[in-house]
Amino acid sequence: MSVTVFSVDAKSPAAKKHIKPGDILHTINGNDINDVLDYDFYAADSRLVLQMTSASGKERTVRIKKDEYADLGLSFETYLIDRQHTCRNDCIFCFVNQMPPGMRESLYVKDDDARLSFLFGNYITLTNMPDSEIDRIIKMHISPINVSVHTTNPQLRCKMMKNRFAGEALQKLYRLAKAGIGINCQLVLCPGMNDGTELDRTLADLSAFYPAVQTIACVPVGVTKYREGLPHLEPYTQKTAAETIDRIETFSSAFLEKHGCRLAFPADEFFILAKRSIPEADYYEDFGQLDNGVGIIALQRKEFLDALETIPESNNFRHVTIATGVAAAPFLKQLVDAAKKKWHNLKCDVVAIQNDYFGHTITVAGLITGTDLTAQLKGRELGSELLLPNCMLRHEQDRFLDDMLLSTVCEVLGVKVRLVSNDGADVLAAIIGQDSI
């Protein structure tokens, strides 16, 4: 495959060799360029030979010397260069299938692209990856890769993912592990299906590939109110969540004793559902599964309390409101109470926003919409600022899942909004009105 140059950075190595937009790149050092992985990998060398065709149709060989890993300076029409790979599965727990109608088109895209796994940490199932792609990963030794495993029972995996090739795809996982590619695993657990003894089997099977298998995140299935026509799924209860935690910790405690690490971790939501205390930060070791909601609360708590020790006591008055999901609200209230012991005239209200948009079984802050936010906060005395977790908004930080603009929320509520990261020190700084701590 050949790729067309879209733009060339001024004064870059490519520009100095008179490569121009519209030129076609065929190979680098004899290697075909199909997508961003090929380009980034092969263009990293200090000495490059590019086979190209100019926009006018003239064949060219371009030789470039540069510092190793220095940017060559070429850009292409899309970030991936190739088209994005979408999911071929129809998982019974798929959150996209449970989305309400009428949302922006990008929210209905089912991503299953290995390149996004390497570049941005997205999770993939391996069901749409040919053996040649596995060969390429091993050749380039691109690591780690994040894989949605769910179960190592081939028949059950086919059933859960509604893909007759889902069980066979496990062989690709094992091949990557044997080649020394680091793997972070995700298990979306559904009560009565892939938990219980099936979970025991999955943890045992994956642990056999340690240390290539670096972490295993166990996440409870999310069930919205939009499941008409979809397979019936029960959400976790306090009892079933507690049983699942016990099963995971039986495994992880034994693994810790033998190997010095836990390997498998329940997501924070399991502890919340089971009404159990969130473990201390050292339980989560190097926090390898934060993006899966594993250890976020413990890390934030540690960062917050560490930062709190560094600030002086104050009698300054400050009134702000924090709006967050139902799951996180009790923990944020604990942090606010700790802050009030040093910031004596602090008034900070923590408001748990019920998710009417997706249903009350959805309790995370990242799925709160502008609609629910404004409906439940309108008319309240919010103080000088409204503090919102930045995960409520899309990457550009300008709009919520329901497409309501952040500026609209500010206008409707008549308050300044400050977006706050998960970092505990940032949370404390926002509460007391500082830029940073």
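The shown structure was predicted, so the numbers you read here are calculated from the model rather than taken from an experiment.

1. Considering unusual backbone geometry
In most cases, non-glycine residues show a negative phi, while peptide bonds are predominantly trans.
Turning to step 1, where the next piece is worked out: For the peptide bond that leads from Ser 143 to Pro 144, omega is 0°, which places it in the cis range.
Turning to step 2, where the next piece is worked out: Mapped onto the elements, Pro 144 comes out in the loop between helix H4 (131–140) and strand S8 (145–148).
Turning to step 3, where the next piece is worked out: Look at the link from Tyr 210 to Pro 211: it is a cis peptide, with omega at 10°.
Turning to step 4, where the next piece is worked out: The backbone of Phe 287 shows a phi angle near 55°, a positive value even though the residue is not glycine.
Turning to step 5, where the next piece is worked out: Judged by relative accessible area, Phe 287 falls into the buried class, the value being 17%.

2. Some words on the sheet that holds strand S14 (residues 385–389)
Strands in a sheet are paired, the pairing made by backbone hydrogen bonds, and the direction either parallel or antiparallel.
Turning to step 1, where the next piece is worked out: Here four strands make up an open sheet; going across it, the order is S13-S12-S14-S15 and the pairing parallel. What marks the edges here is a single partner per strand, and that holds for strand S13 (346–353) and strand S15 (416–420). Averaged over all neighbouring strand pairs, the angle between strand axes comes to 25°, with direction disregarded.
Turning to step 2, where the next piece is worked out: The sheet contact formed by strand S12 (residues 318–325) and S14 spans three bridges and is parallel. Residue Ile 322 lies in a different strand from S14, and its bridge partner there is Leu 387.

3. Observations concerning the packing of helix H10 (residues 296–308) against helix H14 (residues 424–432)
Turning to step 1, where the next piece is worked out: Two elements in contact, H10 and H14, have axes whose closest approach is 6 Å; the angle formed by their N-to-C orientations is 55°. Considered as vectors, H10 and H14 are oriented oblique to each other. Here H10 and H14 pass one another in a crossing that is right-handed. From H10, Gln 300, Glu 303, Phe 304, Ala 307 and Leu 308 reach across to H14, where they touch Gly 424, Ala 425, Val 427, Leu 428 and Ile 431.

4. Observations regarding the packing of helix H12 (residues 370–377) against helix H13 (residues 406–413)
Turning to step 1, where the next piece is worked out: Packing of H12 against H13 brings their axes to within 10 Å, and their N-to-C directions diverge by 10°. On the basis of the axis angle, H12 is roughly parallel to H13. Contacts between H12 and H13 involve Gly 370, Leu 373, Thr 374 and Leu 377 from the former and Val 409, Val 412 and Leu 413 from the latter.
Turning to step 2, where the next piece is worked out: Per-class residue counts for the contact of H12 with H13 are five nonpolar, two polar and no charged.

5. Regarding the packing of aromatic side chains
Turning to step 1, where the next piece is worked out: By the definition in use, this model includes 13 aromatic pairs.
Turning to step 2, where the next piece is worked out: Measuring from centroid to centroid gives 6.4 Å for Phe 271 and Tyr 283, while their planes differ by 85°, and the two rings are edge-to-face. Of this pair, Phe 271 sits in helix H9 (residues 268–273) while Tyr 283 sits in the loop between H9 and H10; the two residues are 12 residues apart in sequence, bridging distant segments of the chain. Across this residue pair, the class does not change: Phe 271 and Tyr 283 are buried.

6. With respect to the side chain of Gln 186
Turning to step 1, where the next piece is worked out: Among the secondary structure elements, Gln 186 is positioned in strand S9 (residues 183–189).
Turning to step 2, where the next piece is worked out: Residue Gln 186 is classed as buried on the basis of its relative accessible area, which comes to 12%.
Turning to step 3, where the next piece is worked out: If near-sequence neighbours (up to four positions away) are discounted, Gln 186 is found in contact with Tyr 123, Val 147, Ser 148, Val 149, His 150, Ala 217 and Asn 292.

7. Quick look at the pairing of strand S10 (residues 213–220)
It is a general feature of regular strands that their side chains alternate between the two faces of the sheet.
Turning to step 1, where the next piece is worked out: Most of S10 is tucked away, with seven of its eight residues classed as buried.
Turning to step 2, where the next piece is worked out: Where S9 lies against S10, seven bridges are found, and the strand directions are parallel. Its bridge partner lying in S10, Cys 185 is registered against Ile 216.
Turning to step 3, where the next piece is worked out: With helix H7 (residues 196–207) bridging S9 and the parallel S10, this β-α-β connection has right-handed handedness.

8. Points about the sheet that holds S9
Turning to step 1, where the next piece is worked out: The four strands lie next to each other as S8-S9-S10-S11, forming an open sheet whose pairing is parallel. Because the sheet does not close on itself, it has two edges, and the strands there are S8 and strand S11 (264–266). Strand-to-strand twist across the sheet, computed as the mean angle between neighbouring axes with direction ignored, equals 20°.
Turning to step 2, where the next piece is worked out: Here four bridges tie S8 to S9, and the two strands are oriented parallel to one another. Paired with Val 147 across the two strands is Cys 185, which belongs to S9.
Turning to step 3, where the next piece is worked out: Each of S9, S10 and S11 is contacted by H7, which is oriented at about 175° to S9, the strand it contacts most.

Calculation rules
- All residue numbers refer to position in the chain's written sequence, counted from 1.
- The predicted nature of this model means local features are confined to residues of pLDDT at least 70 and side-chain atom pairs, given and counted, to a pLDDT of 80 or more, with totals for whole chains, interfaces and linings taken over all residues.
- Only hydrogens and water are set aside; all other atoms, that is, all heavy atoms of the structure, feed into the side-chain values.
- Segments assigned H or I by DSSP are reported as helices when at least four residues long, segments assigned E as strands when at least two residues long, and all are numbered from the N terminus.
- For every residue, the accessible area (1.4 Å probe, protein chains only) is compared with the maximum for its type, and the residue is labelled buried under 20%, exposed over 50%, or partly exposed between those bounds.
- Strand pairing is defined by DSSP finding a minimum of two bridges between the two strands.
- Fitted lines through C-alpha atoms give the axes, limited to the stretch in contact for helices. The angle between two N-to-C directions lies from 0 to 180 degrees.
- When describing relative orientation, an angle under 35 degrees is termed roughly parallel and one over 145 degrees roughly antiparallel, while 65 to 115 degrees is termed roughly perpendicular and anything else oblique.
- Take the far helix as your reference; a near helix turned counterclockwise from it by less than a right angle gives a left-handed crossing, and one turned clockwise gives a right-handed crossing.
- We call two residues in contact whenever any of their non-hydrogen atoms come within 4.5 Å of each other.
- Amino acid classes used here: Ala, Val, Leu, Ile, Met, Phe, Trp, Tyr, Cys and Pro are nonpolar; Asp, Glu, Lys and Arg are charged; the rest, including Gly, are polar.
- Ring pairs are drawn from Phe, Tyr and Trp, using the six-membered ring of Trp, whenever the two centres fall within 6.5 Å, and their geometry is named by plane angle: stacked under 30 degrees, edge-to-face over 60, tilted for the rest.
- When the strands point away from the viewer and the connection leading from the first strand across the helix to the second strand turns clockwise, the crossover is called right-handed.

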